[in-house]
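Spelled out, the chains give:
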Amino acid sequence: MPSTIKPNWYVLYTAPRAEKQVNDRLKAKGTETWLPLHRSPRVWSDRIKIVEVPLFNSYIFVRCREFELRDLLSVYGVIRIVYYNGKPALVKEKEIEAIKEFLEQAANYPLCVGEEVEILTGSFKNVSGKVKKIKKNYLVLYLEQLGATVSVWMEEVARVNMLK
């Protein structure tokens, strides 16, 4: 096959929760990949941690030539190539750039006064409130259902729409 054929972006479907490992394996094989990640709070019984999770569960973008796609199925964790209209689904460069721009804007979007957040730990766990003040490391929240104002560390809250 001629190497002058331009590489395009395609989509691979991975095993559940294997996106990061598949990404590493594909890169080790020399394939250009992109795994869009976003930061999300994860709550354990003893702590909260902000972790990077895939934006699209079980999907990873690869940039290669169409004839190289079938070889990628041999990578452990890759389940199948995503097809559209009987052909491997092409993702346009402008769509990749739009997703990158969206992630950049979302990462730079700080909490605002008046925004609704949910408390993730402590005695007010799962209680939502409106941001009244934003300090350096903590927020002052008004909890309408309790008629109370409380101070909470920023790491201990998440936007209500972020949790859904």
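Up top you'll find the structure we're talking about.
Everything numeric in this text was worked out from a predicted model, so none of it was measured.

K.L.:
Residue-level account of helix H3 (residues 93–107), with values.
P.N.:
Look at H3: 21 Å from first C-alpha to last across 15 residues, which is about the 21 Å you get at 1.5 Å a residue. For H3, the complete set of buried residues consists of Ile 96, Ile 99 and Leu 103. Angular distribution of buried residues about the axis of H3 spans 60°; they occupy a single face of the element. Seen from the open side of H3, the exposed residues pointing more than 90 degrees away from its buried face are Lys 94, Glu 104 and Gln 105.

K.L.:
Mind laying out unusual backbone geometry, listing which residues take part and the relevant values?
P.N.:
Phi is positive for Arg 17, close to 60°, though the residue is something other than glycine. Take Arg 17: it is sitting in the loop between strand E1 (8–14) and helix H1 (19–28). Arg 17 sits in the exposed class, given a relative accessible area of 77%. Here the phi dihedral of Asn 126 falls at roughly 70°; this positive angle occurs in a residue that is not glycine. Residue placement: Asn 126 occurs in the loop between strand E10 (116–119) and strand E11 (128–134).

K.L.:
So, the pattern of salt bridges: which residues are in play, and what are the values?
P.N.:
Throughout the structure, instances matching the rule amount to four salt bridges. We note a salt bridge from Glu 68 to Arg 65, for which the minimum N-O separation is 3.5 Å. A salt bridge links Arg 159 to Glu 115; the nearest nitrogen and oxygen atoms lie 2.7 Å apart. Within this pair, whereas Arg 159 is found in strand E14 (residues 157–159), its partner Glu 115 is found in the loop between H3 and E10, the two being separated by 44 residues in sequence. Glu 115 matches Arg 159 in its accessibility class, with the two residues each being buried. The structure contains a network of salt bridges with shared partners spanning Glu 32, Arg 63 and Glu 93.

K.L.:
Quick rundown of the nonpolar core? Include the residues and the values.
P.N.:
Grouped together as the largest cluster of nonpolar side chains are 15 residues, with contacts concentrated most on Leu 12, Leu 26, Val 62, Leu 69 and Leu 72. Secondary structure elements with two or more residues in this core: E1, H1, strand E5 (59–64), helix H2 (69–72) and strand E6 (78–81). Ranked by residue count, the leading element in this core is E5, at three residues. Excluding residues within four positions of it along the chain, Val 62 makes contact with Asn 8, Trp 9, Tyr 10, Leu 12, Leu 26, Thr 31, Glu 32, Thr 33, Leu 69 and Leu 72. Listed in part, the ten residues of the second largest apolar core include Val 127, Val 131, Val 152 and Val 157.

K.L.:
Hey, could you go over the sheet that holds E14 for me, with residue numbers and the actual values?
P.N.:
Strand order in the open sheet formed by five strands is E13-E12-E11-E10-E14, with antiparallel pairing between adjacent strands. Every interior strand has two partners, whereas the edge strands, strand E13 (148–153) and E14, have only one. Averaged over all neighbouring strand pairs, the angle between strand axes comes to 45°, with direction disregarded. The pairing of E11 with strand E12 (residues 138–143) spans four bridges and is antiparallel. Paired with Lys 130 across the bridge in E12 is Tyr 142.

K.L.:
Kindly report on H1, identifying the contributing residues and their values.
P.N.:
Within an α-helix, residues lying three or four positions from one another point in the same direction, as the helix has 3.6 residues per turn. Among the residues making up H1, those that are buried are Glu 19, Val 22, Asn 23 and Leu 26. Within H1, the buried residues cover an arc of 105° as seen down the axis, which keeps them to one side. Opposite the buried face of H1, by more than 90 degrees, sit the exposed residues Asp 24 and Ala 28. One or two positions beyond H1, positive phi appears at Gly 30, with a value near 95°.

Analysis parameters
- Residues numbered from 1 in each chain as written.
- Predicted model: local features only at pLDDT ≥ 70, side-chain atom pairs only at ≥ 80, totals over all residues.
- Heavy atoms only, no water.
- Helix = DSSP H or I, 4+ residues; strand = E, 2+ residues; numbered from the N terminus.
- Expected span 1.5 Å × (residues − 1).
- Buried < 20%, exposed > 50% of the residue type's maximum accessible area, 1.4 Å probe, protein only.
- Arc of directions from axis to C-beta.
- Salt bridge = Lys/Arg side-chain N within 4 Å of Asp/Glu carboxyl O.
- Core = buried A, V, L, I, M, F, W, Y, C linked by side-chain atoms within 4.5 Å.
- Contact = heavy atoms within 4.5 Å.
- Pairing = 2+ DSSP bridges.
- Axes fitted to C-alpha atoms, helices over the stretch in contact; angles between N-to-C directions.

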